[in-house]
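Observations on the three-dimensional arrangement
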Amino acid sequence: MSAPTLTAVRPRRVLNALAARQVRRGAAVVVAICAGMSALVVGTYRAQPLDPAALAALTRNPAIRTLFGEPVALDDAGGFTVWRTGTVLAVLLGVWSMLAATRITRGEEDAGRWSLLLSGRATLPEAVRWHLGILAVVPAVAGGATSAAMIAAGAGVTGSLLHGAALTVVGFFFVVVGGLAAQLFASRSAANGAAAAVLVVGLLMRMVGDGASALAWLRWLSPFGLMALVRPFDTDRGLPVLVLALAAVLLTVGTGRLAARRDVGGAIVAPAGGRSARTALLGSVPAFAVRRTLRPLAGWSAGIGAYFLLIGVIARSMTDFLTASPEFATRAAAAGFGELGTVRGYAATMYALLAVPVGVFVAVRLAAVAADESARRLTLVLAAPVTRLRLLAAETATAIGGAFVLVTVAGLAMWVGTATVGAGLGAGEALAGAWNVLAVVVLCLGAAVLALGWMPRAVATIGVLPAAGGFLWHVVADSVGAPAWLAALTPFAHLAAVPATTPDWAAALVMAGLAAAGLVAGAIGYRRRDLHA
């Protein structure tokens, strides 16, 4: 082998190892969730299959199709598993993939670490390709692990392999979407916002395409719709997988070309120049915290509002179906959703889901503080007459204020949707149900601040645990009939089904107390430790 070839291989190995080190922990968690949930549902179904009459009713209901996707092959354990968990796992894998892609590319550039990294033989396009190439391995492992887990639990081989392939391609697609956004925009937050918009629009297109037969063609334009069109354990169609894979490959080529057209730290979409300075909300630390939260808050509000508007529109159809199909109501209760038979119970169940994205929002906003600290953007700020506690208080208050806006938007959207179909949910009831989930959200806030003070590299991961981890724990514990003490370890076990019932003020106060303890402990750690780089 010639000397030039050796010098080309060496930086590639170094960058590949760096990328693998940056994503290995999150990748392990995502793979475990995909494989574990799939095997669990297959095993549960094999122990208690569905009634054929109930299956027939399920396939005819447009609300079910909108919310969970087109029901196919539900008389098979594998088909039921794909219908119940397929979209959830695809969204989980897609969100993780795009956030990881922006973090290890644009995030590293924002922090200035790629300037030194690329001062040697490696070029920017090579670094982007190699990092995304390593990241693309994660969806492949997740898809393979999911297929293997389903087969081991008793599902069919062909359908399991096809479902795993579809899950792999969806994850790969969002790896590339995140990488492409990182080339287009000059900051990680802007890249995250653009990639998240692609994901939300794709999910809404899948829901509309499944719910309205006249708009079924929309599924071909959505990664989640293409995944549904595969129909594993039914017709086993491979064409949608190929279409999505081709789209991902084309985006990969485009990402490489865009990377070759810019400098390190630059972007294709450059900030507008020559305009007058925008100095609004720059007069104080709290005002600046609000300023930098407004744009992401607008995007989150649009996505959550659109979703809960659609949820409200299908409320009557959904509750009518469950009232006429007691078997599905029983299964929903076994999975922790026992009030779906009434409009108020349905709203309460959907609001429990609301705690997850709002909790993620809060954790991400606190993680942005840790990222600013790591990139040394806070060094000069804290060298001025600005204390760390003042900065932390401003960011914390802004994050919880943004969370309040999000849950209010969800409540109003749910009310408008139910009013459109005459479902009988009052505005006060809709808002009360939405505000009820703030008890879980403040737990996320406390966990995120605690991590900021003592483990600043893991703010986002620890911050989302009460909501995302707690919800997953709740569903799994109820599905497998876990002991009461084990099921009670999640905050969702203590979240009252408002507006179907009255709030559980005692449980809310306990959660608020735990959150306050996290805030105090985190503030102490943040004040005492050195700035993290």
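Residues numbered from 1 in each chain as written. Predicted model: local features only at pLDDT ≥ 70, side-chain atom pairs only at ≥ 80, totals over all residues. Heavy atoms only, no water.

**Structural notes on the overall build of the protein**
When its secondary structure is counted, the protein shows 22 helices and zero strands. Along the longest, intermediate and shortest principal axes, the C-alpha atoms of the protein span 65 × 60 × 45 Å. Counting over 533 residues, the protein shows a buried share of 48%. A fraction of 76% describes how many contacts in the protein between residues 6 or more apart in sequence connect residues 24 or more apart. Working note: accessible area of the protein is about 23100 Å², and carbon and sulfur atoms make up 68% of it. Side chains of the protein carry 40 positive and 22 negative charges; the gap between the two charge centres is 13 Å. (Helix = DSSP H or I, 4+ residues; strand = E, 2+ residues; numbered from the N terminus. Buried < 20%, exposed > 50% of the residue type's maximum accessible area, 1.4 Å probe, protein only. Contact = heavy atoms within 4.5 Å. Areas by Shrake-Rupley, 256 points an atom, 1.4 Å probe, with all protein chains shown as cover. Lys, Arg positive; Asp, Glu negative; His and termini not counted. Charge placed at Lys NZ, Arg CZ, Asp CG, Glu CD.)

**Quick notes on the packing of helix α4 (residues 77–110) against helix α8 (residues 188–211)**
How two helices sit against one another is set out by the angle between their axes and by the gap between those axes. Closest axis-to-axis distance for the α4/α8 pair is 9 Å, and the angle between their directions is 165°. In terms of orientation, α4 and α8 fall into the roughly antiparallel class. Classified by chirality, the crossing of α8 by α4 is right-handed. Together, T87, V91, G94, V95, M98, L99, T102, R103, R106, G107 and D110 of α4 and R188, A191, N192, A195, A196, L199, L203 and R206 of α8 make up the contact between the two elements. (Axes fitted to C-alpha atoms, helices over the stretch in contact; angles between N-to-C directions. Parallel < 35°, antiparallel > 145°, perpendicular 65-115°, else oblique. Left-handed = near helix turned anticlockwise from the far one by under 90°.)

**Here's the deal with the environment of Y307**
When you line up the elements, Y307 lands in helix α11 (residues 285–313). A relative accessible area of 22% places Y307 in the partly exposed class. In contact with Y307, not counting residues within four places along its chain, are L67, L204 and M207.

**Topic: the nonpolar core**
Ranked by size, the top nonpolar core spans 83 residues in total, and within it F308, Y351, L354 and L366 carry the most contacts. For this core, the leading source of residues is helix α14 (residues 343–374), giving 15 residues. Leaving out residues up to four positions away in the same chain, Y351 has contacts with F308, A410, G411, M414, A430, G433, A434, V437, V498 and P499. In this structure, L124, F174, L199 and V230 belong to the second largest nonpolar core, which totals 52 residues. (Core = buried A, V, L, I, M, F, W, Y, C linked by side-chain atoms within 4.5 Å.)

**Overview of the pattern of salt bridges**
Opposite charge on two side chains allows them to pair when their charged atoms are near. Throughout the structure, instances matching the rule amount to twelve salt bridges. Measuring nitrogen to oxygen at the nearest pair gives 3.9 Å for the salt bridge that ties R106 to E109. Pair noted here: R106 and E109 are both in helix α4, with a separation of three residues, about one helical turn. Neither residue differs from the other here; R106 and E109 are each classed as buried. A salt bridge links R231 to D234; the nearest nitrogen and oxygen atoms lie 2.8 Å apart. Members of the salt-bridge network, linked through shared partners, are E70, R206, D210, R219, R231 and D234. (Salt bridge = Lys/Arg side-chain N within 4 Å of Asp/Glu carboxyl O.)

**Considerations on the packing of α4 against helix α6 (residues 124–153)**
Closest axis-to-axis distance for the α4/α6 pair is 11 Å, and the angle between their directions is 160°. With respect to each other, α4 and α6 are oriented roughly antiparallel. Every pair of crossing elements has a handedness; the one defined by α4 and α6 is right-handed. Where α4 approaches α6, its residues G78, T81, V82, L93, W96, S97, A100, A101, I104, T105 and E109 are matched on the opposing element by L124, H131, L132, L135, V138, P139, A142 and M150.

**Concerning the packing of aromatic side chains**
Evaluated as defined, the whole model comprises nine aromatic pairs. Measuring from ring centre to ring centre gives 5.5 Å for Y307 and F308, while their planes differ by 80°; the resulting arrangement is edge-to-face. One aromatic cluster is present, built from ring pairs that chain together Y45, F80 and W83. (Phe/Tyr/Trp six-rings, centres within 6.5 Å; stacked < 30°, edge-to-face > 60°.)

**Examining the side chain of E395**
One can find E395 in helix α16 (residues 388–420). Setting aside its immediate chain neighbours within four residues, E395 contacts A289, R292 and V369.

**Examining helix α10 (residues 239–260)**
Taking 1.5 Å of rise per residue, the 22 residues of α10 would be expected to cover 32 Å, and the 32 Å separating its terminal C-alpha atoms lies within 8% of that figure. Those residues of α10 that are buried lie in contact with α6, α7 (157–184) and α9 (223–229). (Expected span 1.5 Å × (residues − 1).)

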